[in-house]
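Summary of structural features
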Amino acid sequence: MSKESDSDSACSQAKDGIHVSVRIRPLSSDEMCSGIRPCCNATSKASLIISKEGDSGAYLKSQAGSEAEFAFDAVFDEYASQIEVYKRSAMPFMPKLIQGENVTIFAYGATGAGDKLTVV
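Definitions and cut-offs
- Residues numbered from 1 in each chain as written.
- Predicted model: local features only at pLDDT ≥ 70, side-chain atom pairs only at ≥ 80, totals over all residues.
- Heavy atoms only, no water.
- Pairing = 2+ DSSP bridges.
- Helix = DSSP H or I, 4+ residues; strand = E, 2+ residues; numbered from the N terminus.
- Axes fitted to C-alpha atoms, helices over the stretch in contact; angles between N-to-C directions.
- Buried < 20%, exposed > 50% of the residue type's maximum accessible area, 1.4 Å probe, protein only.
- Arc of directions from axis to C-beta.
- Salt bridge = Lys/Arg side-chain N within 4 Å of Asp/Glu carboxyl O.
- Contact = heavy atoms within 4.5 Å.
- pLDDT = per-residue confidence, 0-100.

Okay, the sheet that holds strand E4 (residues 66-71) next. In spatial order, the strands read E2-E3-E4; together these three strands make up an open sheet with antiparallel pairing. The open sheet terminates on both sides in strands that have one partner only, identified here as strand E2 (40-42) and E4. Across this sheet, the average inter-strand angle for adjacent strands is 20°, counted without regard to direction. Direction of pairing for E2 relative to strand E3 (residues 47-52): antiparallel, over a ladder of three bridges. Directly across from Ala-42, in E3, lies its bridge partner Leu-48.

Laid out in C-alpha cells, this is it:
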C-alpha cells in the first residue's frame, strides 16, 4: 500500500473543483507592541478557528465574543515558510498545467502581508 503525499492529496481533492488554502499572517511588531492578539488559530492542516473578543458588559449580541471554525483544503499558520505554502498549494497543479490543462492560482491578501521570498 503506497502512502499518498500532501501534494497528491491536494491534487486529488481539487480534481473536480476548487482547492482553497489559507495562510495566517504573523502579527507585525507594531501590532504586538500595541497589544493586539491573534484572532486566527490553525487547529489542523485543514481547519482554523477565528475568535472575536467580546466587550465586557456587552448588551448586544454583536458585541459578545464569538468563535467559529472553518475548514479548508489547506491551512498554514504564521510560521509556515513560502516553500511549504508552494509545495502544498501550487506545486500539485504544475503537472496538469504542463499537460495543457487550465489551471488558475489566485492569491489574495494585503501587499506585504506575508514573508519575503529570498532566492539564493
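Buried within helix H3 (residues 82-89) are the following residues: Val-85, Arg-88 and Ser-89. When H3 is viewed along its axis, its buried side chains cluster within an angular range of 90° and face the same direction.

The next thing to look at is the pattern of salt bridges. Across all of its chains, the model carries two salt bridges by this definition. In this structure, Glu-31 engages Arg-25 in a salt bridge whose closest nitrogen and oxygen atoms are separated by 2.8 Å. Residue classification places Glu-31 among the buried positions, given a relative accessible area of 17%. Ionic pairing is found between Arg-88 and Glu-84, a salt bridge with its closest N-O pair at 3.8 Å. Here Arg-88 and its partner Glu-84 are both found in helix H3, four residues apart, which amounts to about one turn of the helix.

With that settled, consider the pairing of E3. From the end of E2 to the start of E3, which pair antiparallel, there are four residues. Pairing of E3 with E4, which is carried by six bridges, proceeds in the antiparallel orientation. Bridge pairing links Lys-52 to Ser-66 in E4.

With that settled, the discussion passes to the environment of Glu-78. Position of Glu-78 among the secondary structure elements: in the loop between strand E5 (74-76) and H3. You can call Glu-78 partly exposed: its relative accessible area is 25%. When the C-alpha positions of Glu-78 and Arg-25 are compared, they lie 5.0 Å apart, and in sequence the two are 53 residues distant. Residues within four places of Glu-78 in sequence aside, it is in contact with Ile-24, Arg-25 and Pro-26.

A few words on the confidence of the model for the protein chain. For residues with low pLDDT, the predicted coordinates do not support detailed interpretation. In the predicted model, the protein chain carries a mean pLDDT of 75, and the fraction of residues at 70 or more is 77%. Here residues 116-120 is a poorly scored stretch, pLDDT under 50, and it has one contact once near neighbours within four places are set aside; other chains count.

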